[in-house]
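Each chain is listed here by its residues.
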Amino acid sequence: MADKILVVEDELSLQETLAYNLKKQGYEVEAVGDGLAALDKARQAHPDLIVLDLMLPGMDGFEVCRVLRQEMTTPVLMLTARDDEIDRVVGLEVGADDYMTKPFSMRELMARVKAMLRRVRLVREEINLAASPVTVQPLTFDDLVIDVTRREVRVQDQVQALKPKEFELLHFLALHRGKVLSREFILERVWGWEYIGDSRTVDVHVRWLREKIEPNPAQPKRIITVRGAGYRFEG
Ligand code: CA
């Protein structure tokens, strides 16, 4: 089944160009021109990905993204025209998964869309695997072993007593090795929506995890704090 993409862009010529090119790649495309219509369409059509322009009449892209994030985990590719907004988008404050600055090449956008959809599929597959009785190969990072099948973490062959959420957090970080993940994103994926708003939960669990997996928790080398952005698992 073709992936469904919702395009939210008030500039009609760009909206049409986007829709045309995405359809040509084999995607099913819905397109709307303002924020409220975007929310309606997203709720009704359940797209696999949303291409969301930041500057929209009425409700802007930030607001749309904020509301969407309370209701669904659909990846959002944000389009922005202003350099001064990039910081907020990059910081993933609003929950966008990726962003592009206008003007962008259509080819680049297609590549991003494809990569984002692939990422979603991989995460889904990983979740399915974790839920199935099939043995999954442990993730190994030097002397750190994350054994999903046994739900066990070992450091230098010593089993570490991790709480369930610590295990899930570490596993999640490890699956996204090398990528900066915002606290909000981590909260959403590991804890679910009911915890949104208290991102200190993530900090506390990271601190506990470091005590168990870092050779020197005061100078972490596995779970790195990225100032103003979140955390990155280095392995
Ligand atoms: Ca616009």
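Residues numbered from 1 in each chain as written. Predicted model: local features only at pLDDT ≥ 70, side-chain atom pairs only at ≥ 80, totals over all residues. Heavy atoms only, no water.

(A) Representation of the overall build of the chain. For the chain, the helix and strand inventory stands at 8 helices and 12 strands. Counting contacts in the chain only where the partners sit at least 6 residues apart, residues at least 24 apart contribute 54% of the total. Carbon and sulfur atoms provide 50% of the accessible area of the chain, an area that totals close to 12,400 Å². (Helix = DSSP H or I, 4+ residues; strand = E, 2+ residues; numbered from the N terminus. Contact = heavy atoms within 4.5 Å. Areas by Shrake-Rupley, 256 points an atom, 1.4 Å probe, with all protein chains shown as cover.)

(B) Expanded view of the sheet that holds strand β7 (residues 144-147). Spatially, the 4 strands line up as an open sheet ordered β6-β7-β8-β9, and their pairing is antiparallel. Each edge of the sheet is formed by a strand with only one pairing partner; in this case those strands are β6 (139-141) and β9 (158-160). Within this sheet the neighbouring strands show an average axis-to-axis angle of 25°, counted without direction. With 3 bridges connecting them, β6 and β7 associate as antiparallel partners. Bridged to L139 within β7 is I146. Packed onto the sheet, helix α6 (residues 164-175) meets β6, β7 and β8 (152-155) and runs at close to 110° relative to β7. (Pairing = 2+ DSSP bridges. Axes fitted to C-alpha atoms, helices over the stretch in contact; angles between N-to-C directions.)

(C) Molecular detail of helix α7 (residues 183-191). Every buried residue belonging to α7 is among F185, I186, L187, E188, V190 and W191, and all of these are buried. Its buried side turned inward, α7 meets α3 (61-71), α6, β10 (180-181), α8 (200-213) and β12 (230-233). Just beyond α7, the residue with positive phi is G192, at close to 90°. (Buried < 20%, exposed > 50% of the residue type's maximum accessible area, 1.4 Å probe, protein only.)

(D) Local environment of the coordination of the calcium ion. Protein coordination of the calcium ion is provided by D10 (OD), D53 (OD) and M55 (O), with donor distances spanning 2.1 to 2.3 Å. Site description for the calcium ion: donor spacing in sequence, D-x42-D-x1-M. On the criterion of sequence distance, the pair formed by D10 in the loop between β1 (4-8) and α1 (12-24) and M55 in the loop between β3 (49-53) and α3 is long-range, its members being 45 residues apart. What makes M55 partly exposed here is its relative accessible area of 41%. (Donors = N, O, S within 2.8 Å, 3.2 Å for Na, K, Ca; no water.)

(E) Local environment of the sheet that holds strand β4 (residues 76-80). Taking strand neighbours across the sheet as the criterion, the 5 strands line up as β2-β1-β3-β4-β5 in an open arrangement whose pairing is parallel. Single-partner strands in this sheet number two, and they are β2 (28-32) and β5 (98-101). On average, each strand axis in the sheet is inclined to that of its neighbour by 15°, with strand direction left out of account. Of the strand pairs in this sheet, β1 and β2 are connected by 5 bridges, and their pairing is parallel. Among the inter-strand pairings, K4 is bridged to a residue of β2, identified as E28.

(F) Focus on the environment of F172. Position of F172 among the secondary structure elements: in helix α6. Distance in space between the C-alpha atoms of F172 and V190 is 7.3 Å, their sequence separation being 18 residues. Residues contacting F172, with those up to four places away along its chain left out, are L181, F185, I186, R189 and V190.

(G) Region of the structure containing the packing of aromatic side chains. One pass over the full model with this rule turns up 2 aromatic pairs. Measuring from centroid to centroid gives 4.9 Å for F141 and F233, while their planes differ by 75°, and the two rings are edge-to-face. Residue F141 is found in strand β6, and its partner F233 is found in strand β12; the two are separated by 92 residues along the sequence. Centre to centre, the rings of F172 and F185 are 5.9 Å apart; their planes meet at 45°, and the pair counts as tilted. One end of the pair, F172, is in helix α6; the other, F185, is in helix α7, and 13 residues separate them in sequence. Comparing F172 with F185 shows no difference in burial state: the two are buried. Above the face of the W208 ring, K163 is positioned so that its terminal group lies 3.9 Å from the ring centre. (Phe/Tyr/Trp six-rings, centres within 6.5 Å; stacked < 30°, edge-to-face > 60°. Lys NZ or Arg CZ within 6 Å of the ring centre and 35° of its normal.)

(H) Quick peek at the side chain of K41. Along the chain, the position of K41 falls in helix α2 (residues 35-45). Every residue in contact with K41, bar those within four places of it in the chain, is listed here: L6, E30, V32 and H46.

(I) A look at a positive patch on the surface. Together, K114, R118, R119 and K179 make up a region of like positive charge exposed at the surface. You can see R119 is positioned in helix α5 (residues 106-131). (Patch = residues over 30% accessible without salt bridge, like charges linked within 9 Å, V, L, I, M, F, W, Y side chains within 5 Å. Salt bridge = Lys/Arg side-chain N within 4 Å of Asp/Glu carboxyl O. Lys, Arg positive; Asp, Glu negative; His and termini not counted. Charge placed at Lys NZ, Arg CZ, Asp CG, Glu CD.)

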